[in-house]
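# Structural description and commentary
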Amino acid sequence: MKITLTVNGEQHPLDVEPRRILADVLRDDCHLTGTHLGCEHGVCGACTIMVDGQAVRSCLMLAVQCDGSSIRTVEALAGPDGQPHPLQRAFSAEHALQCGFCTPGFLMVAVEAFDADPTFGADPDRIAGLVGSNICRCTGYEPIRCAIARVAREQSGTES
Ligand code: FES
Ligand code: FES
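Here is a short report on the structure shown in this document. The shown structure was predicted, so the numbers you read here are calculated from the model rather than taken from an experiment.

### Some thoughts on the overall build of the chain
Looking only at helices and strands, one finds 5 helices and 5 strands in the chain. The helix and strand sequence of the chain, counted from the amino end, reads β-β-α-β-β-β-α-α-α-α. Relative to the compact-globule value of 15 Å for 160 residues, the chain shows a C-alpha radius of gyration of 16 Å, a close match. The principal-axis extents of the C-alpha atoms in the chain amount to approximately 50 × 30 × 25 Å.

The following block contains the structure:
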């Protein structure tokens, strides 16, 4: 089927088999390999991206379902000058990644949460709920929680 995905502001006209999942098409056809595949059945969250403003597991969507949609992947988080996104800076500062395989998914769920409610990071329970949606085998989660809380403090002006 012929479809068009708008990925990180760029149009990708594609010819894809209807059976192919969105994550594979992003990685193999759009050459955006920042989106990772872990479990491939909707559990780990490593493949999380945003479709029309909502975080989704891209292993659970068919690419053809997204014809005409606007997609945002981890590659879009850095600024045009290459400066990392505040969440990327905070993950680095708080040592919130080791192997980094899970990191794109955690970044995208956190981006969605801040977009939906800029105050969400002030509540430790909400942060804990959010990070519980994805699996990390390395960090023990605490540094990830700290990174998200750091961004919340930065945005509220209580951390420089
Ligand atoms: Fe999609 Fe694990 S690879 S949720
Ligand atoms: Fe290795 Fe999360 S940093 S799985």
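### Considerations on the packing of aromatic side chains
Tallying each qualifying case throughout the model produces 2 aromatic pairs. Summarising the aromatic geometry, the rings of F106 and Y141 are spaced 6.2 Å apart at their centres and angled 70° between planes, so their arrangement reads as edge-to-face. Placement of F106 in helix α3 (residues 103-116) and of Y141 in the loop between α4 (124-131) and α5 (142-156) is noted, with a sequence separation of 35 residues between them. According to the relative accessible area criterion, Y141 is partly exposed, its value standing at 22%. Each ring, one from F114 and one from F120, has its centre 5.0 Å from the other, and the planes form 80°; the classification is edge-to-face. A residue is classified by how much of its surface remains accessible, and F114, at 8% relative accessible area, is buried.

### Let's talk about the environment of P18
With respect to the helices and strands, the residue P18 is situated in the loop between β2 (10-15) and α1 (22-29). Its relative accessible area of 44% is what places P18 among the partly exposed residues. Each C-alpha atom of the pair P18 and M1 lies 6.5 Å from the other, and the pair is 17 residues apart in sequence. The residues touching P18, leaving out its near neighbours within four places in the chain, are M1, L62 and V64.

### Re unusual backbone geometry
One non-glycine residue, H95, lies in positive phi territory at about 55°. Counting through the fold element by element, H95 comes out in the loop between α2 (86-93) and α3. Judged by its relative accessible area of 60%, H95 is exposed. The backbone phi angle of Y141 is positive, close to 75°, even though this residue is not glycine.

### Observations regarding the pairing of strand β3 (residues 48-51)
Neither face of β3 is left uncovered, since the one carrying T48 and M50 and the one carrying I49 and V51 both have all their residues buried. Where β3 meets strand β4 (residues 54-57), 4 bridges bridge the pair, whose relative direction is antiparallel. The partner of T48 across the bridge, within β4, is R57. Here β3 folds back onto β4 in antiparallel fashion, the turn holding 2 residues, of which D52 has a positive phi close to 50°. The pairing of β3 with strand β5 (residues 70-72) spans 2 bridges and is classified as antiparallel. Within β5, the residue paired with M50 across the bridge is R72.

Quick notes on the rules
- Residues numbered from 1 in each chain as written.
- Chains lettered and ligands numbered in written order.
- Predicted model: local features only at pLDDT ≥ 70, side-chain atom pairs only at ≥ 80, totals over all residues.
- Heavy atoms only, no water.
- Helix = DSSP H or I, 4+ residues; strand = E, 2+ residues; numbered from the N terminus.
- Rg over C-alpha atoms; globule rule 2.2 N^0.38 Å.
- Phe/Tyr/Trp six-rings, centres within 6.5 Å; stacked < 30°, edge-to-face > 60°.
- Buried < 20%, exposed > 50% of the residue type's maximum accessible area, 1.4 Å probe, protein only.
- Contact = heavy atoms within 4.5 Å.
- Pairing = 2+ DSSP bridges.

The quantities given are spatial measurements derived from coordinates; they are silent on function.
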